[in-house]
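Residues per chain are reported as follows:
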Amino acid sequence: MGDKVSFSDVMKKALHLGGTLFAVTAVTGMILGYVQDVTSVAIKRVEMEAQNAAFRIVMPDAKNFEEIVPEPDEYVAEVRRADDATGLVGWCMSVNSKGYGGIVNFIVGITKEGTVKAINILNHSETPGLGAKSTEPEFYEQFNDKSKTPLKVVKGGASNPDEIAAISGATITSNAVTDGVNGAVKYWETKLKGAE
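Residues numbered from 1 in each chain as written. Predicted model: local features only at pLDDT ≥ 70, side-chain atom pairs only at ≥ 80, totals over all residues. Heavy atoms only, no water.

Looking at this structure, how should I read the nonpolar core?
Nonpolar side chains in soluble globular proteins tend to be buried together. Residues Met 93, Phe 106, Val 108, Ile 119, Phe 143, Val 177 and Val 181 are the most contacted members of the largest nonpolar core, which totals 27 residues. The set of elements that each furnish at least two residues to this core consists of β2 (76-84), β3 (87-98), β4 (103-111), β5 (116-123) and α3 (171-192). In terms of residue count, the dominant contributor to this core is α3 (seven residues). Residues contacting Val 108, with those up to four places away along its chain left out, are Val 58, Trp 91, Cys 92, Met 93, Val 95, Val 116, Ala 118, Ile 119, Val 181 and Ala 184. Residues Ala 54, Phe 55, Phe 65 and Ala 118 belong to the second largest nonpolar core, which totals eleven residues. (Core = buried A, V, L, I, M, F, W, Y, C linked by side-chain atoms within 4.5 Å. Buried < 20%, exposed > 50% of the residue type's maximum accessible area, 1.4 Å probe, protein only. Helix = DSSP H or I, 4+ residues; strand = E, 2+ residues; numbered from the N terminus. Contact = heavy atoms within 4.5 Å.)

If you want it as structure tokens, here you go:
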């Protein structure tokens, strides 16, 4: 006949096994927590570099982009003060505007004098071949160095300094971007103008 196993032996083995399992789980949890901390810092750094690259497109003279807490606004979701070595160059604003297929998100650069320096379309859900053409230079470069605002969308060619030629077949998208730019300019006029 086999040896009898006592209850205390079973309990010792169970406690030993439970302790080992607890130790392995604790060490694994600490390692995963450390890896998550390290990778989240790296991910945040990459996201910040991508954002700064987007801001540099619309405000190329700036070296630093300091985040400003924006007041609630219909269009402006984020505001960055753009500085060079001597001080304020202008403002970069992340704008959300309702297009045909959903929200069009883009950056608007406005100089400290109030001129629209440039825009940079980041994300959209617009129709391929129509509203998606908002990401093409032929459309978005129309906003470069616009000092006469508010801007308005026109069909055909733009002949006045306050006009933006609509994308053929995508007037809603054209209006969405233009409304967002006008919203950013209005935000600058009412909340940022004169700030140093």
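This is not the end of the story, as more comes after the structure.
Explain the layout of surface pockets here, please?
To find leftover empty space, a probe the size of one water molecule is rolled over the atoms. There is about 180 Å³ of room inside the largest pocket. Lining the largest pocket are Lys 133, Glu 136, Glu 138, Phe 139, Gln 142, Ala 165, Ala 166, Ile 167 and Ser 168. (1 Å grid on protein atoms, 1.4 Å probe; cavity = no way out; pocket = protein on both sides within 12 Å on 5 of 7 lines; lining within 4 Å. Points joined across faces, edges and corners; volume = space filled by probe spheres on them.)

Which parts of the structure should I look at to understand the side chain of Gln 142?
Of note, Gln 142 is situated in the loop between α2 (137-140) and β6 (152-154). One polar contact links the side chain of Gln 142 to the main-chain amide nitrogen of Ala 165, over a distance of 2.6 Å. Filtering out sequence-adjacent residues up to four positions away, Gln 142 remains in contact with Ala 158, Ile 164 and Ala 165. (Polar contact = N/O pair within 3.5 Å; in protein donor to acceptor, adjacent residues only side chain to side chain.)

When you look at the sheet that holds β4 in this model, what are you seeing that I'm missing?
Sheets are built from strands that pair by backbone hydrogen bonding, the pairs being arranged parallel or antiparallel. Spatial strand order, β1-β2-β3-β4-β5: five strands in an open sheet with antiparallel pairing. Edge strands, defined here as strands with exactly one partner in the open sheet, are β1 (64-68) and β5. In this sheet, adjacent strand axes meet at a mean angle of 25 degrees when their direction is disregarded. The sheet contact formed by β4 and β5 spans six bridges and is antiparallel. Looking across to β5, one finds that Gly 109 is bridged to Ala 118. Those strands touched by helix α1 (residues 7-58) are β1, β2, β3, β4 and β5, and its axis lies near 140 degrees from that of β5. The sheet strands contacting α3 are β2, β3, β4 and β5, and the helix crosses β3 at an angle near 135 degrees. (Pairing = 2+ DSSP bridges. Axes fitted to C-alpha atoms, helices over the stretch in contact; angles between N-to-C directions.)

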